[in-house]
Amino acid sequence: MPVILSIVGQKGGVGKSTLARAISVVAVQGGLSVKLIDLDIGQQTSVRWSTTRATSRILSVIDAQAFSAVADALKQARDVDLVVIDTPGHLSPETFEVARASDLIVLPTGTSSDDLHPVTLLLYELEQIGISKDRLCVALCRILDAKEERWARQYLESTGYRPLGGSLPERLGYRRAHNRGKSITETPETPLNERANELMASVLRKILQHVRATNRAYSTQ
Ligand SMILES: Nc1ncnc2c1ncn2[C@@H]1O[C@H](COP(=O)(O)OP(=O)(O)OP(=O)(O)O)[C@@H](O)[C@H]1O
Ligand SMILES: [Mg+2]
């Protein structure tokens, strides 16, 4: 069975599709088979991005497909190592269905209190439906200032959630990469790629921890 990782949030433009695309790229480059599922059927940002990407001869191919229902999507993705689910920028009953079906849930957020307050409410709601804290990963995105990032980390830790290591600064280079079908780890600027890779490494560590814990659980049965 694949590991299922979803990217959720109740705000638009926080970086859900950005992270979904980058995680898919890093995993494919690491030798995993990946299916990127785009549940944002209206925008289909990730599908359009993968179509742009496919016009390049040198970039790795990312298999992205849009679905309107998570159950249908998962039926089509049984034979890959990793399923990455990109979701729309609003909450709906489907958000919680996606979260329940996922092994890990990444919640991207900005660093202002207007961003952090709703994300902590969503974290509590997800815990209330039975999703344990170790499956919830907060990613600090679109960072403008190191001081604000420190404050955001303290804010989240004070509510009981430690954000993922690494963060994504707000940079034009990331947007340009997307326009060319690239991910935030594939810009022409090494420092930008290093920042993005540090955050991706944190996500991959979480996936590995999950796989190890699942294997331990099977071997003790
Ligand atoms: N760190 C960043 N620096 C610069 N631009 C960014 C950054 N992160 C995302 N963007 C750009 O901001 C826009 C919105 O990002 P993205 O599509 O990832 O957000 P989203 O959460 O998926 O939004 P939606 O809810 O509308 O689907 C995109 O054009 C993307 O390229
Ligand atoms: Mg999106």
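Treat the numbers as computed from the prediction; the structure is a model and nothing was measured.

S.K.: A description of the pairing of strand E5 (residues 104–109) should follow, citing residues and the corresponding values.
M.R.: For E5, the tally of buried residues reaches 6 of 6 residues, placing the bulk of the element in the interior. What you see with E5 is no split at all: Leu104, Val106 and Pro108 on one side and Ile105, Leu107 and Thr109 on the other are buried throughout. Both strand E1 (residues 3–7) and E5 contribute to a ladder of 3 bridges, which runs parallel. If you follow Leu5 over to E5, its bridge partner there is Leu104. Sheet topology note: the E5/strand E6 (residues 136–143) ladder contains 5 bridges and is parallel. Across the sheet, Ile105 pairs through a bridge with Leu136, a residue of E6. This β-α-β element, E5 to helix H5 (residues 113–128) to E6, shows right-handed connectivity.

S.K.: If you had to explain the site of ligand 1 to someone new, which residues and values would you point to?
M.R.: Contacts to ligand 1 come from 20 residues, most closely from Gly13, Lys16, Thr18, Pro169 and His178. Pro169 is positioned such that a nitrogen or oxygen atom in its backbone is 2.8 Å from a nitrogen atom of ligand 1. Contact with the protein chains covers 86% of the free accessible surface of ligand 1, which is 630 Å². With respect to the pocket detection grid, ligand 1 is positioned in the largest pocket. Among the secondary structure elements, those contributing two or more residues to the shell around ligand 1 are helix H1 (16–29), strand E7 (167–169) and helix H7 (172–179). A total of 4 residues in the shell around ligand 1 trace back to one element, the largest contributor, which is H1. Per-class residue counts for the shell around ligand 1 are 4 nonpolar, 8 polar and 8 charged.

Thresholds applied
- Residues numbered from 1 in each chain as written.
- Chains lettered and ligands numbered in written order.
- Predicted model: local features only at pLDDT ≥ 70, side-chain atom pairs only at ≥ 80, totals over all residues.
- Heavy atoms only, no water.
- Buried < 20%, exposed > 50% of the residue type's maximum accessible area, 1.4 Å probe, protein only.
- Helix = DSSP H or I, 4+ residues; strand = E, 2+ residues; numbered from the N terminus.
- Pairing = 2+ DSSP bridges.
- Right-handed = clockwise from strand over helix to strand, strands pointing away.
- Near = heavy atom within 4 Å.
- Polar contact = N/O pair within 3.5 Å; in protein donor to acceptor, adjacent residues only side chain to side chain.
- Areas by Shrake-Rupley, 256 points an atom, 1.4 Å probe, with all protein chains shown as cover.
- 1 Å grid on protein atoms, 1.4 Å probe; cavity = no way out; pocket = protein on both sides within 12 Å on 5 of 7 lines; lining within 4 Å.
- Sits in = over half its atoms within 2 Å of the grid points.
- Nonpolar A, V, L, I, M, F, W, Y, C, P; charged D, E, K, R; others polar.

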